[in-house]
Amino acid sequence: MTQVIDTAFFSFQLYSSIVNYIKIRNMKALVYHGPGNKAWEEKPKPVLLEATDAIVKIYKTTICGTDLHILKGDVPEVTDGRILGHEGMGVIEETGTAVTSFKKGDKVLISCISSCGKCDYCKKGMYSHCEKGGWILGHLIDGTQAEYVRIPFADNSLYHIPENADSDAVVMLSDILPTGFECGVLNGQVKPGDSVVIVGAGPIGLAALLTAQFYTPAALIMIDVDNNRLQASKAFGATHTINSVEEDAVKKVFALTENRGADVAIEAVGVPATFELCASVIAAGGRIANIGVHGKPVDLHLETLWSRNITITTRLVDTVTTPMLLKTVLSNKLEPAKLITHHFALNDIINAYDTFQHAAREKALKVILTNE
């Protein structure tokens with residue numbers, strides 16, 4: 001009888017050990033399974049693959065409009081089984097032997113762009129085109145909408161977070177603030193006294209709105225179809241708002257700019273109609289700065305633009321401005337936490353996606369997912 005009990009106890013211990021081993025080796029993550037399909041499911045916990053890697057335990061992450069473009073099938077490089085997400089902050093769990101700037105236990109901001117720091121593009125400050133990195137998280141390698149993530153080139157792709165920092169605000173520095181600033185404001189060359197039109201009052205458009213104010217433009221005109229987002233943009237500094245469903249946006253912009261048009265038009269949606277709207281409102285000598293992720297062809301009306309000295313720019317964020325923006329946020333000169341409207345537990349990410357995808361219905365801007 002004793003032998004039977006001992007055998008049963010040993011079997012139970014073995015079973016428990018196996019279960020615990022599986023738990024240690026696995027994690028939960030949001031996984032892409034083709035256009036329109038995603039699932040919160042178990043995946044292997046990431047491991048170090050290169051000496052320059054770090055493993056980060058995610059504390060907070062968020063959902064980006066680019067994730068929605070992926071789910072629409074606009075980014076075909078994203079394959080079935082990929083863990084989504086490219087934004088977040090967390091704590092270093094493990095580092096490779098070549099990582100010198102970070103150690104286990106450090107709180108870190110994760111950049112949406114991974115940079116080797118050594119290739120020709122990185123030396124030019126074009127981290128988005130890094131020959132070994134760039135935008136790879138949640139795109140070409142597994143991303144941040146998970147309990148753990150592997151960060152390549154950790155020394156160049158992570159930032160230390162002070163203990164007293166607002167973690168919600170810091171997450172906004174992973175992507176949307178540098179994206180709005182670099183791709184919209186800097187590429188658009190916003191100057192004091194400019195009339196600036198931003199088409200799209202979502203999180204990226206609002207990030208461009210916030211950072212455009214560094215340069216004191218005379219007018220900041222937000223165009224969208226969602227009155228809630230337009231109302232929010234007024235609180236963030238917009239001087240005028242236009243609902244393009246309720247009124248003729250082109251006529252309104254010209255009326256607001258003494259019939260000249262906008263000096264800068266920033267496209268922050270990523271659909272043909274919004275880019276064409278930017279081209280329709282731009283003044284002679286103006287700059288059109290595209291931010292949106294475009295999955296369909298857009299007509300370029302050179303028959304009207306060819307003689308108007310228009311500059312059109314495209315860019316993927318390089319995150320070269322992240323250190324400056326981090327200092328600005330830590331000094332309370334910029335308050336990106338205002339962009340956050342909803343909080344969810346990380347394991348409630350399916351509901352978070354539903355909220356973010358139905359932003360007008362839910363009055364949503366950015367959502368924060370916390371992994372306690």
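Our subject in this report is the structure included herewith.

The rules we used
- Residues numbered from 1 in each chain as written.
- Predicted model: local features only at pLDDT ≥ 70, side-chain atom pairs only at ≥ 80, totals over all residues.
- Heavy atoms only, no water.
- Salt bridge = Lys/Arg side-chain N within 4 Å of Asp/Glu carboxyl O.
- Helix = DSSP H or I, 4+ residues; strand = E, 2+ residues; numbered from the N terminus.
- Buried < 20%, exposed > 50% of the residue type's maximum accessible area, 1.4 Å probe, protein only.
- Pairing = 2+ DSSP bridges.
- Axes fitted to C-alpha atoms, helices over the stretch in contact; angles between N-to-C directions.
- Phe/Tyr/Trp six-rings, centres within 6.5 Å; stacked < 30°, edge-to-face > 60°.
- Core = buried A, V, L, I, M, F, W, Y, C linked by side-chain atoms within 4.5 Å.
- Parallel < 35°, antiparallel > 145°, perpendicular 65-115°, else oblique.
- Contact = heavy atoms within 4.5 Å.
- Nonpolar A, V, L, I, M, F, W, Y, C, P; charged D, E, K, R; others polar.

Regarding the pattern of salt bridges
- Taken as a whole and judged by the stated rule, the model has 15 salt bridges.
- Here Glu 182 ties to Arg 315 by a salt bridge, and the two come within 3.4 Å at their closest N and O atoms. Residue Glu 182 is located in helix 6 (residues 176–186), and its partner Arg 315 is located in the loop between strand 13 (311–313) and helix 12 (322–330); the two are separated by 133 residues in the primary sequence.
- We classify Glu 182 as buried; its relative accessible area is 0%.
- Linked through salt bridges whose partners overlap, the residues forming this network are Glu 182, Arg 315 and Asp 318.

Regarding unusual backbone geometry
- In this structure, Thr 216 takes a positive phi of about 45° despite not being glycine.
- Along the chain, Thr 216 falls in the loop between helix 7 (203–212) and strand 9 (219–224).
- With relative accessibility at 52%, the residue Thr 216 sits in the exposed group.
- Even without being glycine, Asn 309 reaches a positive phi, approximately 55°.
- Positionally, Asn 309 belongs in the loop between helix 11 (302–305) and strand 13.

Describing the sheet that holds strand 11 (residues 262–267)
- Pairing is parallel across the open sheet formed by six strands, whose spatial order is 10-9-8-11-12-13. Of all strands in the sheet, those bounded by a partner on one side alone are strand 10 (240–243) and strand 13. With direction set aside, neighbouring strand axes in the sheet form an average angle of 15°.
- Taken together, the four bridges between strand 8 (residues 195–199) and strand 11 define a ladder with parallel strand orientation.

Some details on the packing of aromatic side chains
- Applying the stated rule across the entire model yields two aromatic pairs.
- Taking 5.5 Å as the distance between ring centres and 80° as the angle between the ring planes, the aromatic pair formed by Phe 181 and Phe 214 counts as edge-to-face. Separated by 33 residues along the polypeptide, Phe 181 in helix 6 and Phe 214 in the loop between helix 7 and strand 9 bring together distant segments of the chain.
- Look at Phe 181 and Tyr 215: their rings are 6.4 Å apart centre to centre, the planes differ by 15°, and that puts the pair in the stacked class. With Phe 181 in helix 6 and Tyr 215 in the loop between helix 7 and strand 9, this residue pair connects regions lying 34 residues apart in the sequence.
- Chaining the aromatic ring pairs together yields one cluster made of Phe 181, Phe 214 and Tyr 215.

A closer look at the nonpolar core
- Counting residues in each nonpolar core, the largest one holds 67 residues, and the members touching the most others are Leu 84, Ile 198, Leu 209, Met 222, Phe 236, Ile 266 and Tyr 353.
- Here the element with the most residues in this core is helix 7; it accounts for seven residues.

Some words on the packing of helix 2 (residues 65–72) against helix 13 (residues 349–357)
- Their axes nearest at 11 Å, the elements helix 2 and helix 13 cross at an angle of 95°. Put simply, helix 2 runs roughly perpendicular to helix 13. Note on element contacts: helix 13 touches helix 2 through Tyr 353, Phe 356 and Gln 357, opposite Gly 65, Asp 67, Leu 68 and Leu 71.
- Of the residues that constitute the contact of helix 2 with helix 13, the class distribution is four nonpolar, two polar and one charged.

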